[in-house]
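Geometric and topological summary
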Amino acid sequence: MTLARWSVLAIAILINLIASAPEANAFPEMVRHGYANCVSCHVNLGGGGVLNEYGRALSLEALSTWGTEKEAQTAYGLFTSPEWLNAAIETRALGYALEQPDTLTLSTVLMQADAEAAVTLGGFSVVGTAGYFETEGAFISRRHYAQYRLSDTVAVRAGKFYPVYGLMIAEHTSFIRRNNGFDQAQESYNLEASYVGENWSGFITGILESNERSLYNEEKGVALSGSYFFSNRFKLGLSAQRTSVNGNTPRVLLGAHAALGFTSRFFYLGELDWVDQNSKEGWTSYQRVDLEPIQGLHFFVTDEWVDSNRKVAGATHRFGPGIQFFPRPHIELQFQAQWQSTSNIPDSNLGIYSAMLNYYL
Amino acid sequence: MRDYLKTSLLTAVAFTLLQSSSALAEAQPIRLIPSSPKVTYDAVGRPSMLKIHGEGKDLTLQLTRDGATIAGKMSFNPATLDSGISLRDRHAREKYLEVEKYPEASFEMAPITLPTEFLDETQKETSLPIKGKLTLHGVTREVEAKTQVKREGTEVEVQSTFEIKLPEYQVAIPSFAGIKVAEDVTLTVNFKVEWK
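What counts, and at which threshold
Chains are numbered independently. Their residues run from 1 in the order of the written sequence. Labels are handed out in written order, letters beginning with A for the chains and numbers beginning with 1 for the ligands. Owing to the predicted nature of the model, reporting of local features is limited to residues with pLDDT of at least 70; listing and counting of side-chain atom pairs is limited to 80 or more, with chain, interface and lining totals taken over all residues. Note: side-chain values were computed over all heavy atoms of the structure, leaving out hydrogens and water. Note on classification: 1.4 Å probe, protein chains only; a residue is buried when its accessible area is under 20% of the maximum for its type, exposed when over 50%, partly exposed between these limits. Counting from the N terminus, the helices are DSSP H or I runs at least four residues long and the strands are E runs at least two residues long. N or O atoms within 3.5 Å of each other form a polar contact, as long as, within protein, one can give a hydrogen and the other can take it, and as long as residues adjacent in sequence are counted only when both atoms are side-chain atoms. Candidates for patches are residues over 30% relative accessible area with no salt bridge; among them, like charges are joined within 9 Å and nonpolar side chains (Val, Leu, Ile, Met, Phe, Trp, Tyr) within 5 Å. For every accessible area listed, the method is Shrake-Rupley and the probe measures 1.4 Å; residues are considered covered only by the protein chains on display. We define a salt bridge as a contact between a side-chain nitrogen of Lys or Arg and a carboxyl oxygen of Asp or Glu at a distance within 4 Å. The pLDDT value expresses, per residue, how confident the predictor is, ranging between 0 and 100. In what follows, residue pairs with any heavy atoms lying within 4.5 Å of each other are defined as contacts. By nonpolar core is meant a set of buried Ala, Val, Leu, Ile, Met, Phe, Trp, Tyr and Cys residues that side-chain atoms within 4.5 Å join together.

**What to know about helix H2 (residues 53–63) of chain A**
Residue and element names in this part refer to chain A. Counted residue by residue, H2 has ten buried out of eleven residues, so it is predominantly covered. For H2, every residue scored as buried is listed here: Tyr54, Gly55, Arg56, Ala57, Leu58, Ser59, Leu60, Glu61, Ala62 and Leu63. Between the side-chain oxygen at the start of H2 and the backbone nitrogen of tyrosine 54 there is a gap of 3.1 Å, and the oxygen is on asparagine 52.

Below you can see the structure in the form of structure tokens.
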């Protein structure tokens, strides 16, 4: 392998790592506690972002090892937030090591410092974020949208957000997010209608304008996602998305996903997507098995695979163990080791070791 | 003398037979298989359509069987209900079910007659509407439960489902952090008993 090729690979991995932590905490694994619908805890119907009052309380009750009610409240309960307002500040820092055959690179980066607020009056909510995006050295708004709940189950939403597709896991660098066009700060402008019931949920999203940061800029199209929740801890779903640029170069995603809470302390997340883009057919997958021996302390293994462009790049496999720890409400630490290899690049094994701190105020 | 002995013997035999038949007719207690009970509740929290599920195991039976007729009472300790979220359980116990004041929930069932097909095992499974008095939160109401009965060798598995409305039992509608529980709650009682 040439030095130039190694360098390209290393730069690609570094870029990957610099944005390698969850962007907006979404926890599909909460299905293990019977929480099938993201909107139980988040204002965002599709999950992630600012928590509602119940979500804050649940951070203490179901996620963290220790804590007090004050810690779960907005700004430690220093002021009483009115009922119509949910607000938060979220910061995220990452330290990592990248191990290649000849080098070891160490670095730290402040990844996110965002504020998000949601104003809710009756069934109507307006949500917006503002924060620093280090990749561009600029202030941006990742999400801003208005949503209206016509009833407890039916809602419409318009604005900038991710279309609902698949597991909606927070790890935006995972192959199922990044390679499928759902990377960090790539929310598109959409119009969405949704049904979220006790057992069934469904989203139809018209993608009106893609994000200029996206690899798939200028795409428009439609996304569909549906899921079924059963036996109080299991959720299965199907998703589809078709986008194109002015009717040309269609890109199609078809996927199945599962969130299976075998017990309240042992769960599995999995997603498998078929991708068809300009005759570059292939697959992306994500799997996580997680054991929580005491509340808030997780030991997990992830396995990811992509060959969405198999004719050109071959398949890339990434896997490894990690520890995720929520010592107090809204504080998350994550340590992970991953090993990655690409099938058509000899000696392409890489070690990726990261430590992440996420703090939600 | 001989006639006297004969009469006495016949009297004794008749008395014994009478006693035996009386004993046979006496209702026999139904024995619960200790590891089998599970009492669950299912409710929905709005507006997020949150499914709330809790389970408890502390069920006692005072059921009797007299031939094909079953009657008696089931009692449950509501303080043992566990939904997996401790704050929710604490609120349920202290604010809504008030378990210190009302430590027992019970169902006093009106006698039911099992179908012959079930007794002679031509039918392994049957469903029965069971009527009786359900006492919850200190309030007693006439209810009807859908009940499935399934025979498995020397055991019978029972599942009774009660659809209740919390206000009818003077239970305040649970509400927490913007989530309000719908007033309709499904209670399900599962257990197995020995069957001879």
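**Some points on a nonpolar patch on the surface**
All names here are of chain A. A surface patch of nonpolar side chains, amounting to about 830 Å² of accessible area, comprises Phe124, Val126, Tyr148, Leu150, Val154, Val156, Tyr195, Trp200 and Tyr228. At the level of elements, strand S3 (124–133) and strand S6 (154–161) are the ones that each hand at least two residues to the nonpolar patch. Along the chain, tyrosine 148 falls in strand S5 (residues 144–149).

**Concerning the confidence of the model for chain A**
Mean pLDDT over chain A: 88, with 91% of residues reaching 70 or higher. Below a pLDDT of 50 lies the segment residues 11–22 of chain A, which in the model reaches 37 contacts outside its immediate sequence neighbourhood of four places, other chains included.

**Re the nonpolar core**
In terms of nonpolar packing, the biggest core is built from 65 residues, with Phe162(B), Ile164(B) and Phe191(B) touching the most fellow members. It is strand S12 (residues 184–194) of chain B that contributes the most residues to this core, five residues altogether. Counting twelve residues, the second largest nonpolar core, distinct from the first, contains Ala155(A), Phe182(A), Val196(A) and Leu253(A).

**Here's the deal with the pattern of salt bridges**
Within the structure shown, the criterion is met by 22 salt bridges over all chains. Between Arg318(A) and Glu304(A) there is a salt bridge, and its shortest N-O distance comes to 3.7 Å. Here Arg318(A), found in strand S15 (residues 316–325), pairs with Glu304(A), found in strand S14 (residues 297–306); they are 14 residues apart in sequence, far enough to count as distant. One exposure class covers both Arg318(A) and Glu304(A), and it is buried. Measuring nitrogen to oxygen at the nearest pair gives 4.0 Å for the salt bridge that ties Arg31(B) to Glu194(B). You can see Arg31(B) sitting in the loop between strand S1 (28–29) and strand S2 (38–46) and its partner Glu194(B) sitting in strand S12, a full 163 residues away along the chain. A relative accessible area of 56% means that Arg31(B) is categorised as exposed. Through salt bridges with shared partners, a single ionic network connects Glu116(A), Arg143(A) and Glu187(A).

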